[in-house]
Amino acid sequence: MLPFVRPTIEEEDIRAVTQVLRSGWITTGPKAREFEVALERYVGGGAHVRVVNSGTSALEIALLAAGIGPGDEVIVPSMSFVASANAVLRAGAKPVLVDVDLESRNLTAELLRGAVTPRTRAVMPVHFAGLAADMDPIEALARELGLRVIEDAAHAIGTRYRGRLIGGAGDLVCFSFHPNKNITSVEGGAIACFDGATAERIERLRFHGIEKFADGSMEVDEWGGKMNLPDVNAVLGLVQLPRLQGFVERRRELAARYRERLPRHDCLAQPAFGQGHGWHIFAVRVDFARLATTRPAFQARLADLGIATGVHYPAIHGFAMYRRMGYGPEQLPNAHTIGAQTLTLPLFPALGEADVDGVCAALAETLGEFEA
Ligand SMILES: *Cc1c(COP(=O)(O)O)cnc(C)c1O
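These numbers come from a predicted model, not from an experiment. All chains use their own residue numbering, which begins from 1 and follows the written sequence. Only residues with pLDDT of at least 70 get local features here, since the model is predicted, and only at 80 or more are side-chain atom pairs given and counted; chain-wide, interface and lining totals rely on the full set of residues. Only heavy atoms go into the side-chain values, all of them from the structure, while hydrogens and water stay out.

## Overview of the environment of D287
Positionally, D287 belongs in the loop between β13 (282–286) and α10 (295–304). With 68 residues separating them along the chain, D287 and E219 place their C-alpha atoms 57 Å apart. The contacts of D287, once residues within four sequence positions are left out, are C267 and Q341. Polar contacts, as counted here, are pairs of nitrogen or oxygen atoms within 3.5 Å of one another; within protein the pair requires one atom able to donate a hydrogen and one able to accept it, and residues that are adjacent in sequence qualify only if both atoms are side-chain atoms. At 3.1 Å, the side chain of D287 and the backbone nitrogen of R290 are in polar contact. Secondary structure elements are taken from DSSP: a helix is a run of H or I of four residues or more, a strand is a run of E of two residues or more, and numbering for both begins at the N terminus. Residues are treated as being in contact if the distance between any of their heavy atoms lies within 4.5 Å.

The following block contains the structure:
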């Protein structure tokens, strides 16, 4: 069975992790700091980067660092992993779910403007699948309205927007290093920010609120969680980072091959291609209803042919907890359609050209069967 995602773990990675395990210091320490410095150099733009134990923690801490709390509204695209909206709830604020563009699957400034209320304090653009959201108009509108911008860049380490890497500019930018993402620390995440005081606040928020002084004493002046990244994890991210550019280039090659080889079919829509795409996932849309089938049945048939597929993602506003907040499918039609039709095809650096061709052939065969 061909998986739809597989982390790239090589001997170099195993050696690095083993060395940390033997070193006598396995939790947060020198490797976490080295990973931060390497990420700062990588994204550029003078960013301060702090690592945490997941992308979800990165979002939760970024919201707190931006001063978001009870009574505030944060605008979140409904086409994302549910963690984006859940993080807003964790901060005590209200996630206001908005629609996305059907092609890019991203939030736009226009959609953002339509959801702003007097309580809106922040917006959380998601660079979906590794394609950057069009940030210039979103940031211009945020400046006009005095909103903080917390980027969910979980899909976008290695993505470029107008030539510069995501994380090298902005307000607060959150990354994930979950095994499915473009580089991994098993679990892990990072926050990029653009001033030293915020970076220090993030350090306190991720570890019990503790501030340490040069003489060895400490103070706790506000709440902080337990969201630090162990060195065992950090070292894996550290040795993967220099290979990220190669991973992204390989993902681009494979995406280009999909574009060329995928069957042309009325019920199959290809994802948007765009400048700087990091190709975290390659997700087509299949009109299962028009084929008179369901996604699980279609996926089962592909699995029979040896192809595993994923679903990224059901629209957030369709989940029971969010439906209870008053959302219905008709309110956010593009996110609803994408959520109903999306199908993630295998894409990871170790995938071969012949694998892509095999997926395309299996898709053609499956589409043909359901049509019949
Ligand atoms: C993976 C992901 C997250 C959460 O990251 P974790 O490291 O799994 O906590 C948040 N948002 C999006 C869009 C993601 O894909």
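## What about unusual backbone geometry?
Glycine aside, residues mostly have negative phi, and peptide bonds are mostly found in the trans state. Residue Y313 is reached from H312 by a cis peptide bond, and omega for that bond is 5°. Along the chain, Y313 turns up in the loop between α10 and α11 (320–323). In this structure, R105 takes a positive phi of about 65° despite not being glycine. Inspection of the secondary structure puts R105 in the loop between β3 (94–98) and α5 (109–113). The residue H208 is not glycine, and still its phi comes out positive at about 60°. Examined against the element boundaries, H208 turns out to sit in the loop between α7 (196–206) and β10 (210–212). Since its relative accessible area comes to 34%, H208 is described here as partly exposed. Only protein chains enter the area calculation, which uses a 1.4 Å probe; residues under 20% of their type maximum are buried, those over 50% are exposed, and those in between are partly exposed.

## Points about the site of the ligand
Close to the ligand lie 15 residues; G55, T56, D152, S176 and K181 are nearest. Within the side chain of H155, an N or O atom sits 2.7 Å from an oxygen atom of the ligand. K181 is positioned with one of its side-chain polar atoms (N or O) 3.1 Å from an oxygen atom of the ligand. Here the ligand has 380 Å² of accessible area as a free molecule, and 93% of this is covered by the chains. Those elements giving two or more residues to the shell around the ligand turn out to be α3 (55–65) and α4 (83–90). Residues are grouped as follows: nonpolar covers Ala, Val, Leu, Ile, Met, Phe, Trp, Tyr, Cys and Pro; charged covers Asp, Glu, Lys and Arg; every other residue, Gly included, is treated as polar. A breakdown of the residues in the shell around the ligand according to their chemical character gives four nonpolar, nine polar and two charged. Here a residue counts as near a molecule or strand whenever at least one of its heavy atoms sits within 4 Å of it. Methods summary: accessible areas were calculated by the Shrake-Rupley approach with a probe of 1.4 Å, and residue burial reflects only the protein chains presented.

## What to know about the packing of helix α2 (residues 30–43) against helix α8 (residues 231–240)
Here an angle of 0 to 180 degrees is reported between the N-to-C directions of two axes, which are lines fitted to C-alpha atoms, with helices fitted over the stretch in contact. Interaxial distance between α2 and α8 falls to 7 Å at its minimum, and their mutual angle equals 30°. Here α2 lies roughly parallel to α8, going by the angle between them. Judged by the twist between their axes, the crossing of α2 over α8 is left-handed. Where α2 approaches α8, its residues P30, K31, A32, E34, F35 and A38 are matched on the opposing element by D231, A234, V235, G237 and L238. Tallied by class, the residues present in the contact of α2 with α8 amount to seven nonpolar, one polar and three charged. Orientation is classified from the angle alone, with under 35 degrees giving roughly parallel, over 145 giving roughly antiparallel, 65 to 115 giving roughly perpendicular, and any other angle giving oblique. The sense of a crossing depends on the near helix, which, turned anticlockwise from the far helix by less than a right angle, makes the crossing left-handed and, turned clockwise, makes it right-handed.

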